[in-house]
Every structure is written in C-alpha cells, then in structure tokens.
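Letter by letter, the chains look like this.
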Amino acid sequence: MRKICVVTGTRAEYGLLSRLMGMIKDSDQTQLQVIVTNMHLSQKYGNTYQEIEKDGFTIDCKIPIIDQNAEDNAVTTVKSMATALSGFAEAYNTLKPDLVVVLGDRYEILAAATAALIERIPIAHLHGGEVTEGAYDDAIRHSITKMSHLHFTSTEEYRNRVIQLGEQPDRVFYVGAPGVENIKKFPLMSKEEVEESVNFKLDENTILVTYHPVTLGDHTAGKDIKEFLGALEERKDLRVFFTMPNSDTGSQAIVDAINEFVANNSDRAIAYKSLGIKRYLSVMKYAGAVVGNSSSGLLEVPSFGIPTLNIGDRQKGRMAADSVYNCETDKESILKGLDVILSPAFKKKAAETHNPYEKANTAEEIFKVISTYPLEELKQKHFYDL
C-alpha cells in the first residue's frame with residue numbers, strides 16, 4: 001500500500017487539500033499520512049488542527065514552529081523555517097512516506113519540500129507555475145517546483161511555465177484549481193444557516209475581506225492596512241466581514257488594526273480567525289463582493305459570479321477573470337475601486353464571467369496520478385530543455 005503524506009500549515013491550504021485527503025484515506029490502494037504545522041498549531045490563528053480532526057482525519061505528526069512571544073519580523077520567520085526543517089526531517093524519518101504532497105508557496109512548505117528532497121522522498125506539488133510578484137512566495141513556489149517530481153497546475157499556461165522551468169512534460173498535469181472544485185462539490189450552508197452560525201447578517205452591501213502582509217517591495221503592513229481601513233471608515237454603508245491574515249512577517253500589525261476597527265464599528269463589522277472551508281465558502285456565496293489581496297479573490301471568487309477588488313501587488317502576475325478589478329494600496333485608489341466593483345455594471349459583468357481556474361474532476365485527476373505513478377522513476381530528475 002502506497003503511503004502518501006499530505007503536509008498542511010494553514011486553514012486555507014487544508015481547505016484546498018481536504019477532498020484529495022479524503023480520497024487517499026478512503027482508497028484501499030493508499031494510506032494517508034497527515035503532518036500539520038505552523039498556523040494550525042497556534043492559538044493565535046485559531047488552533048485549526050482541530051478542524052482537521054473534526055473532519056475525521058488522523059494527524060500523524062504535529063510540528064509547532066511559531067514562537068508566540070517572538071517579535072513579528074523576518075528573523076522570527078527564518079527561525080520558524082529552521083525549526084520546521086528539523087521537524088520535517090524527524091517526521092519523515094518516522095513515517096517513511098512513499099510520496100509527499102504539498103501545495104503552494106509558503107515558507108513552511110519550502111521546509112517540508114527541502115527535507116523531503118534530502119531524504120529522497122518524491123514530492124507532488126500543487127499550484128506550481130503561478131506568479132505573484134508582490135511576495136517572496138513567488139520565489140518559494142518556483143523553488144518547490146524544482147524540488148518536486150509530479151506537478152499539478154491550475155491552468156494550461158501555468159503548466160507551460162513549469163515545463164519552462166525544466167520539468168518533464170509527462171510529469172506536469174493541468175488539473176484546475178482544487179478550491180474552485182470545492183465550490184461545486186461541497187454542500188454549502190443556506191443564507192439563514194450561515195448568518196446564524198457567524199452571528200452576522202450578509203447582504204449585497206457586505207464585503208468579505210482578507211488582507212495579508214506584502215513581503216516584497218517598499219510597503220509596510222502597518223501603512224497599507226491604515227490606508228485600507230481608512231477607506232472602509234468612509235464607506236459606512238458597507239458591512240465588513242474580516243478573516244484574519246496568515247502568519248507572514250507583518251501580520252500582527254494587520255491583526256491589531258482590524259481588531260481596533262471592529263471594536264469601533266461593531267454594528268457593521270466582525271472578524272474571524274478561521275471559518276473552516278464550508279463556512280468560508282458559504283459566507284463568500286452570500287457576500288456582495290470580496291476585497292483584499294488573497295489568492296482566493298482570484299481563484300475561487302469568480303465562480304460565485306461576484307466581484308473581487310484586488311489591492312496592491314501581492315497577486316501581481318497571477319491570471320485573473322474579468323470579475324477582478326485591481327487597484328493600488330492608497331486610500332483614494334481603494335475608494336475608487338470599491339465604487340467600481342459595487343456598481344451595477346461591474347456586478348453584471350462579474351455574474352457573467354468565466355473562471356479560468358475551473359476544470360472538472362480536479363481532485364480525482366490528482367489522486368489518479370499520485371496513487372499509480374511509478375515512484376521508482378521519480379527519484380532522479382533530468383532537466384527538460386525547450
């Protein structure tokens with residue numbers, strides 16, 4: 001039986017992987033191993049490992065890497081990576097997986113891939129080939145691609161880019177985005193159910209907000225969030241549903257600012273550390289628009305037919321549907337952007353848009369490959385020259 005180890009460090013990433021994890025668990029061909037790390041194991045971010053267990057998955061190894069008392073800076077992030085690297089080395093040595101599955105571009109996933117490479121464990125990587133010029137995630141993503149052996153991309157363009165990076169074409173599979181498939185497959189909550197669950201009314205004037213730190217460029221998280229919340233202060237007609245940022249450098253300044261905003265606008269704003277995939281998609285379904293700089297605004301939101309206001313450079317270079325409007329990080333640009341996406345004309349365009357990340361049977365296609373591909377052929381890679 002093939003032992004397939006899935007690594008997850010964040011609530012969003014787990015939501016994208018959960019259907020695939022279920023397939024691995026339920027198959028008589030494969031044994032699921034689960035390693036959780038980073039935000040899942042932090043009270044600050046909601047101890048979201050509990051959601052994984054609640055869904056019926058057994059966690060085989062926990063690798064805590066966040067120092068709750070450390071300063072929020074780059075040194076702390078690098079130290080977390082060092083802790084993660086050591087932890088993954090021990091975990092792989094104990095679990096002895098035949099294949100490791102990772103998604104995306106986060107620093108803890110770089111550690112997971114590095115340890116697997118050195119221990120000569122083949123890696124399957126989801127969401128490679130994408131470009132996000134405003135974050136160091138961009139370089140991390142391409143680095144993980146070069147350490148990986150099987151690749152599952154969300155568009156054909158990204159498949160071509162992975163091949164451009166020197167990967168063998170017959171190991172690069174265009175499967176679509178797992179998050180888009182979740183919208184089609186997960187039974188979402190009714191409007192009344194989700195409103196009762198989150199204790200917040202959702203209507204066409206509700207915006208769902210996720211705002212992460214930008215880790216490259218000359219912007220600071222504190223300045224950017226101040227500009228953003230300043231715009232929301234002027235738009236008192238809007239109801240604001242925040243989901244908190246990830247653990248990247250600068251996140252604490254954003255968390256503090258959001259908490260202050262919610263305290264001062266409790267009649268129209270609320271914030272959650274984590275919603276879980278079902279509630280998150282359900283809130284998204286009944287919101288009027290999604291605002292911020294999360295990849296979800298580009299990947300999943302267009303499938304609901306609602307607008308996205310994408311702020312700043314964090315997602316710069318990533319393919320986007322016509323329902324996504326881009327703006328700069330200053331207050332005036334954000335106010336203009338809000339006017340655009342909430343206009344009847346733009347809402348009509350969003351309702352008719354095509355999501356370029358949508359493709360049928362995403363998880364099934366990934367599982368088919370990772371459960372059957374001859375692993376002995378993966379150990380040694382050859383650079384593919386165009």
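Cut-offs used in this document
Residues numbered from 1 in each chain as written. Predicted model: local features only at pLDDT ≥ 70, side-chain atom pairs only at ≥ 80, totals over all residues. Heavy atoms only, no water. 1 Å grid on protein atoms, 1.4 Å probe; cavity = no way out; pocket = protein on both sides within 12 Å on 5 of 7 lines; lining within 4 Å. Points joined across faces, edges and corners; volume = space filled by probe spheres on them. Helix = DSSP H or I, 4+ residues; strand = E, 2+ residues; numbered from the N terminus. Nonpolar A, V, L, I, M, F, W, Y, C, P; charged D, E, K, R; others polar. Polar contact = N/O pair within 3.5 Å; in protein donor to acceptor, adjacent residues only side chain to side chain. Buried < 20%, exposed > 50% of the residue type's maximum accessible area, 1.4 Å probe, protein only. Pairing = 2+ DSSP bridges. Axes fitted to C-alpha atoms, helices over the stretch in contact; angles between N-to-C directions. Arc of directions from axis to C-beta. Contact = heavy atoms within 4.5 Å.

The name given to the protein in an unreviewed UniProt entry is UDP-N-acetylglucosamine 2-epimerase (Hydrolyzing), and the organism recorded there is Xylanibacter ruminicola.

Details of the layout of surface pockets
Of the voids in this model, the largest pocket is the one considered here, and its volume is about 490 Å³. Surrounding the largest pocket, 18 residues form its lining, E51, D55, G276, I277 and K278 being those nearest its centre. At the level of elements, helix 1 (11–26), helix 2 (49–54) and helix 11 (276–286) are the ones that each hand at least two residues to the lining of the largest pocket. Per-element tally for the lining of the largest pocket: the top contributor is helix 1, with five residues. Tallied by class, the residues present in the lining of the largest pocket amount to six nonpolar, five polar and seven charged. For the second largest pocket, the calculated volume is near 220 Å³. For the second largest pocket, the lining is made up of 16 residues, of which K44, I66, D67, D72 and T76 are closest to its centre. Breaking the lining of the second largest pocket down by element, the ones donating at least two residues are helix 3 (74–95) and helix 10 (251–264). Along the lines of polarity and charge, the residues of the lining of the second largest pocket split into four nonpolar, eight polar and four charged.

Section: the environment of N310
Turning to its location among the elements, N310 is positioned in strand 12 (residues 308–311). Expressed as a C-alpha distance, the spacing of N310 and G292, which sit 18 residues apart in the sequence, is 5.5 Å. A polar contact is formed between the side chain of N310 and the side chain of N326, at a distance of 2.9 Å.

Some remarks on empty space enclosed by the protein
This model, assessed by the stated rule, comprises three cavities of 30 Å³ or more. Considering only enclosed or pocket space, the largest cavity measures out at about 730 Å³ in volume. At the level of elements, helix 1, helix 5 (137–147), helix 7 (178–185), helix 11 and helix 12 (296–299) are the ones that each hand at least two residues to the lining of the largest cavity. Top element by residues in the lining of the largest cavity is helix 1. It accounts for five residues. Residue composition of the lining of the largest cavity, by class: eleven nonpolar, 17 polar and eleven charged. Empty space within the second largest cavity amounts to approximately 60 Å³. Secondary structure elements with two or more residues in the lining of the second largest cavity: strand 11 (289–292), helix 12 and strand 12. Broken down by class, the residue content of the lining of the second largest cavity amounts to five nonpolar, eight polar and no charged.

Focus: the environment of S27
Structurally, S27 can be placed in the loop between helix 1 and strand 2 (30–37). On the basis of relative accessibility, which here comes to 14%, the residue S27 falls in the buried class. Here the side chain of S27 touches Q29 through a polar contact of 3.0 Å, landing on its backbone nitrogen.

So, the sheet that holds strand 7 (residues 172–174)
Two modes of strand pairing occur in sheets, parallel and antiparallel, and in both the strands are linked by backbone hydrogen bonds. Spatially, 3-2-1-4-5-6-7 is the arrangement adopted by the seven strands of the open sheet, whose pairing is parallel. At either margin of the open sheet sits one strand with a lone partner, and together these are strand 3 (61–63) and strand 7. Recorded for the sheet is a direction-independent mean angle of 20° between the axes of neighbouring strands. In terms of strand pairing, strand 2 meets strand 3 through three bridges, oriented parallel. By the bridge assignment, I35 is partnered in strand 3 with C61.

Observations regarding the sheet that holds strand 11
The strand order 10-9-8-11-12-13 describes an open sheet built from six strands, whose pairing is parallel. With one partner strand each, in any of the chains shown, strand 10 (269–272) and strand 13 (324–327) form the two edges of the open sheet. Within this sheet the neighbouring strands show an average axis-to-axis angle of 20°, counted without direction. As paired strands, strand 12 and strand 13 are joined by four bridges and run parallel to one another. Among the inter-strand pairings, N310 is bridged to a residue of strand 13, identified as N326.

Concerning helix 8 (residues 191–198)
Within helix 8 the residues assigned to the buried category are V194, E195 and V198. All buried residues of helix 8 project into a common sector of 100° when viewed along the axis, lining one side. Opposite its buried face, helix 8 presents the exposed residues E192 and E196, each directed more than 90 degrees away. Considering only its buried residues, helix 8 is in contact with strand 9 (239–243), strand 10 and helix 11.

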